[in-house]
Amino acid sequence: MAAPMSEGSPALEPGAAPYGNFPNYSRFHPPEGRVSLLPGGLLQSLFPAAARPLLGLDVGCNSGELSVALYRHLLGLQESEGSLDQPAAGKDLNLLCCDIDPVLIERAQQCSPFPASISFANLDIMDSSAREPFLRSYLGRFGRSTFDVVFCMSVTMWIHLNHGDSGLMEFLSFLSSLCKYLLIEPQPWKCYRAAARRLRKLGRKDFDHFRSLAINGDMAERITQILTKNCAMELVCCFGSTSWDRSLLLFKSNGLNHEGGESSEREQ
């Protein structure tokens, strides 16, 4: 886990965030650049007959700005609206957001406008001994074993650089087993090169796996291949690309073991 910053610390240089845990990420990639690509009423179209609340998981949430923006957009809430204005929001969607950096999570918890329906947790998603009991406990509160939707926004590169090809494959397999729908935003290969270059400029050790990665090139296509060929998912839609050249891809599980009213939907 990256060393946490103290409140009085100067902001990390970009290359000094080896897990993507930038302290001011939303300033250079604003949430609006992603949520504006998603159609209104998306949850209703994906889950027309599913029981509420729907359950969502945001992996690698940073300090929560994008998580909150996604939550508002998916529920059709205005920018100024919080839990005081919309006390019933949690009846439609509960969102669990996790990140490897405890300082970012603390900031997210302090600033959340929906503390009753958006939960922020410090979690290394690649640590199976930590993630499995934690996620099982959260899901168990709702009588569930999987999430309806998982969000993975600009996280795959950091998993890949720090855990290698096998780590990326295991990560994608785990996410696909955890949900009915997966919304993922892979970083393109040029971002890998830029991240490695920033580390070198700072005189730091290169990412352990960067030079040995066999999964490379068109990362949106490579991740699509992994999810569709190895993880029993199908590509539903590409919602387009952000201004910083990252695609938003929606996948659906082909498995039959996901709850959330799926049987009701098949009967329609």
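Provided above is the structure to which this section pertains.
Reading the values: rules and limits
- Residues numbered from 1 in each chain as written.
- Predicted model: local features only at pLDDT ≥ 70, side-chain atom pairs only at ≥ 80, totals over all residues.
- Heavy atoms only, no water.
- Helix = DSSP H or I, 4+ residues; strand = E, 2+ residues; numbered from the N terminus.
- Buried < 20%, exposed > 50% of the residue type's maximum accessible area, 1.4 Å probe, protein only.
- Contact = heavy atoms within 4.5 Å.
- Areas by Shrake-Rupley, 256 points an atom, 1.4 Å probe, with all protein chains shown as cover.
- Pairing = 2+ DSSP bridges.
- Right-handed = clockwise from strand over helix to strand, strands pointing away.
- 1 Å grid on protein atoms, 1.4 Å probe; cavity = no way out; pocket = protein on both sides within 12 Å on 5 of 7 lines; lining within 4 Å.
- Points joined across faces, edges and corners; volume = space filled by probe spheres on them.
- Nonpolar A, V, L, I, M, F, W, Y, C, P; charged D, E, K, R; others polar.

Chemist: Explanation requested: the overall build of the protein in the structure shown.
Modeler: The secondary structure content of the protein amounts to 10 helices and 7 strands. For the protein, buried positions account for 52% of its 268 residues. Taking as baseline every contact in the protein between residues at least 6 positions apart, the subset at least 24 positions apart corresponds to 73%. Per element, the accessible surface of the protein, about 12,000 Å² overall, is 50% carbon and sulfur.

Chemist: Sorry if this is basic, but what is going on with the pairing of strand 7 (residues 247-253) here?
Modeler: Each regular strand carries side chains that alternate between the two faces of the sheet. Of all 7 residues in strand 7, 6 are buried, a share of seventy percent or more. Bridge count between strand 6 (residues 233-241) and strand 7: 6 bridges; the pairing is antiparallel. Note on strand 7: the bridge partner recorded for cysteine 238 is leucine 249. Connecting strand 6 to the next strand, strand 7, in antiparallel fashion are 5 residues, including aspartate 245 with a positive phi near 70 degrees.

Chemist: Looking at this structure, I do not really get unusual backbone geometry. What am I missing?
Modeler: Glycine aside, negative phi is the norm for most residues, and most peptide bonds take the trans geometry. Proline 53 follows arginine 52 through a cis peptide bond whose omega is 5 degrees. Here proline 53 is to be found in the loop between helix 3 (42-46) and strand 1 (54-59). A positive phi angle, close to 60 degrees, is found at asparagine 62, a residue other than glycine. Of note in this structure, aspartate 245 is not a glycine but carries a positive phi near 70 degrees.

Chemist: Looking at this model, I keep getting lost on the pairing of strand 3 (residues 118-122). Mind explaining?
Modeler: Where strand 2 (residues 93-99) lies against strand 3, 5 bridges are found, and the strand directions are parallel. For leucine 96, the partnering residue across the bridge sits in strand 3 and is serine 119. Following the chain from strand 2 across helix 5 (residues 102-111) to the adjacent parallel strand 3, one finds a crossover that is right-handed.

Chemist: Explain the layout of surface pockets here, please?
Modeler: To find the voids left in a structure, one rolls a probe of water-molecule size over its atoms. By volume, the largest pocket is sized at about 660 Å³. Surrounding the largest pocket, 41 residues form its lining, Tyr19, Gly20, Ser154, Val155 and Trp158 being those nearest its centre. When contributions to the lining of the largest pocket are tallied by element, the ones reaching two or more residues are helix 1 (25-28), strand 1, helix 4 (65-75), strand 2, helix 7 (156-177) and helix 8 (189-201). Tallying contributions element by element places helix 7 first for the lining of the largest pocket, with 5 residues. A breakdown of the residues in the lining of the largest pocket according to their chemical character gives 22 nonpolar, 12 polar and 7 charged.

From the geometry alone we can't say anything about function, so treat these as descriptive.
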